[in-house]
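Secondary and tertiary structure notes
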Amino acid sequence: MVSNTLMRIVANCWKPSNEGDNSSRGGDDNGRADGLLWYKDSGQHVNGEFSMAVIQANNLLEDCSQIESGPMSLLESGPQGTFVGIYDGHGGPEAARFVNQHLFENIKTIHGAEFTSETQGMSADVINKAFLATEEAFLSLVQQQWEIKPQIASVGSCCLVGIVCGGHLYIANAGDSRVVLGRSDKSEKEVKAVQLSYEHNASVESVREELHSLHPNDPQIVVLKHQVWRVKGLIQISRSIGDAYLKRAEFNRAPLLAKFRLPEPFDKPILKAEPTISVQKLYPEDQFLIFASDGLWEHLSNQEAVDIVNNYPRNVGFPFFFPRIFVMHSDFGYAYNQSWKF
């Protein structure tokens, strides 16, 4: 059963538009604010419309998200699409903010992006290169700030990206966020949940096996600590952007806080920044997507989340494919409703 508290939060993500609302809720055409809640009823993008809501739960918001709609390369004649990025930060906001500022721009400008323009489609190789370029740029920033701000070496961000381009959906994930598709099953007259990504979290057996295979000489690569599996006893995720202290040994030393420092040096990265990428064609029965960080999936099953979105449709006629996207963070919620016109 879904809690009343959660329903109060997510209900704002698809509340109907009230033009001319003169209530005490502040805001303008760029959105409305009510305490720690921010929402935008309706906006336009290249494939249709969207709505968004943000609910801040922590004193310091470590997460970021973005929508970019239009050309997916520097050429205006290049492929048109919509980019959704969900960046779940930890240890501080710096990594998530950096990814928010640079990842999409890297997708548009990375060497090989011309391939994207020529084929009028996205490329998994371009997405992968953009993730790695963003990682290298952030590690360079850590290097620059190491002497004056050493704790930036312990800051990182999970990254979940979705791109709709050329009738295809590209999902790239590094971390423990998840994307779930709501697909209409006409034979049973219901919308079923289809998980499109998997988490890079040490609690998953296959992730622990991958870590052991990558570090066969390290029996402590994964440690069960306080009933939770952690990489080196420190962190649950096995992939991220940032977390320099587990990528380069030069950052795993004083003046970094002792709790982050390993007793033994390492000669290759313990965590990876490379995302897992999937590509699939979109079909009329694909109704909506749910992008969420781990905070949501700790409380809802895939099907429960799909049922919430499906049972609260926007009062808008959607004659096209893919009517809605809903996204939610553990620190804040972000909802994105849209119609796709192919």
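For the structure, check the block above.
What counts, and where the lines are drawn
Numbering of residues begins from 1 in every chain and follows the order in which that chain's sequence is written. A pLDDT threshold of at least 70 governs which residues receive local features in this predicted model, and a stricter bar of 80 or more applies before side-chain atom pairs are shown or counted, although totals over entire chains, interfaces and linings include all residues. By convention in this description, side-chain values take in all heavy atoms of the structure and omit both hydrogens and water. For helices the rule is a DSSP run of H or I covering at least 4 residues; for strands it is a run of E covering at least 2, with both sets numbered from the N terminus onward. Think of it in three bands: residues with accessible area under 20% of the maximum for their type are buried, residues over 50% are exposed, and the middle band is partly exposed, with areas taken using a 1.4 Å probe on protein chains only. Any two residues whose heavy atoms approach within 4.5 Å at even a single point are treated as in contact. Surface accessibility follows the Shrake-Rupley procedure with a 1.4 Å probe radius. Residue values consider only the protein chains on display as shielding. Strands qualify as paired when DSSP identifies two bridges or more between them. By definition, the arc is the one covered by directions from the helix axis to the C-beta atoms. Definition used for salt bridges: Asp or Glu carboxyl oxygen within 4 Å of a side-chain nitrogen of Lys or Arg. Here, axes are lines fitted to C-alpha atoms. For helices the fit covers the stretch in contact, and angles between N-to-C directions go from 0 to 180 degrees. Any angle that is under 35 degrees is reported as roughly parallel, and any over 145 degrees as roughly antiparallel; angles of 65 to 115 degrees are reported as roughly perpendicular and all others as oblique. Should the near helix be turned anticlockwise from the far one by less than a right angle, the crossing is left-handed, and should it be turned clockwise, the crossing is right-handed. For this scheme, ten residues count as nonpolar: Ala, Val, Leu, Ile, Met, Phe, Trp, Tyr, Cys and Pro. Four count as charged, namely Asp, Glu, Lys and Arg, and the remainder, Gly too, count as polar.

Counting secondary structure elements, the protein contains 7 helices and 17 strands. The buried share of the protein, taken over its 342 residues, is 53%. For the protein, contacts bridging at least 24 residues in sequence account for 64% of all contacts bridging at least 6. Entry remark: accessible area of the protein is about 15,700 Å², with carbon and sulfur atoms responsible for 50%.

Residue Pro 255 is bonded to the preceding Ala 254 through a cis peptide linkage, with omega at 15°. With phi around 65°, Gln 227 is a residue other than glycine that occupies positive phi space. The class of Gln 227 is exposed, set by a relative accessible area of 72%.

So, about the pairing of strand E9 (residues 178-185). For E9, the buried fraction is high: 6 of the 8 residues fall into the buried class. Sheet analysis places E9 next to strand E15 (residues 286-292), joined by 6 bridges and oriented antiparallel. Directly across from Val 179, in E15, lies its bridge partner Phe 291. Relative to strand E10 (residues 190-195), E9 is paired through 6 bridges, and the arrangement is antiparallel. By the bridge assignment, Leu 181 is partnered in E10 with Val 194. Where E9 hands over to E10, the hairpin turn is made up of 4 residues, of which Lys 189 adopts a positive phi near 55°.

Taken together, the buried positions of helix H7 (residues 302-311) are occupied by Asn 302, Ala 305, Val 306, Ile 308 and Val 309. When H7 is viewed along its axis, its buried side chains cluster within an angular range of 155° and face the same direction.

Next up on the list: the pattern of salt bridges. With the rule as written, the count across this model stands at 10 salt bridges. The salt bridge partner of Arg 178 is Glu 199, with a shortest N-O separation of 2.6 Å. Here Glu 199 lies in the loop between E10 and helix H5 (205-214) and Arg 178 lies in strand E9, a separation of 21 residues in the sequence. Considered together, Arg 178 and Glu 199 belong to a single accessibility category, that of buried residues. A salt bridge links Asp 286 to Arg 183; its shortest N-O distance comes to 2.8 Å. Highlighted residues: Asp 286 in strand E15 and Arg 183 in strand E9, separated in sequence by 103 residues.

Further remarks concern the packing of helix H2 (residues 94-109) against helix H4 (residues 124-145). Orientation of H2 relative to H4, taken along the N-to-C sense of each, is 140°, at an axis distance of 9 Å. In terms of orientation, H2 lies oblique with respect to H4. Remark: the crossing between H2 and H4 carries right-handed chirality. Touching Glu 94, Ala 95, Phe 98, Val 99, His 102, Leu 103, Asn 106 and Ile 107 of H2 are Val 126, Ala 130, Phe 131, Ala 133, Thr 134, Ala 137, Phe 138 and Leu 141, all from H4. A per-class count over the contact of H2 with H4 returns 12 nonpolar, 3 polar and 1 charged.

Our focus in this paragraph is the environment of Tyr 198. Relative to the helices and strands, Tyr 198 is located in the loop between E10 and H5. C-alpha separation for the pair Tyr 198 and Ser 177, spaced 21 residues apart in sequence, amounts to 7.9 Å. Sequence-distant contacts of Tyr 198, that is, excluding residues within four places in its chain, are made with Asn 173, Gly 175 and Thr 276.

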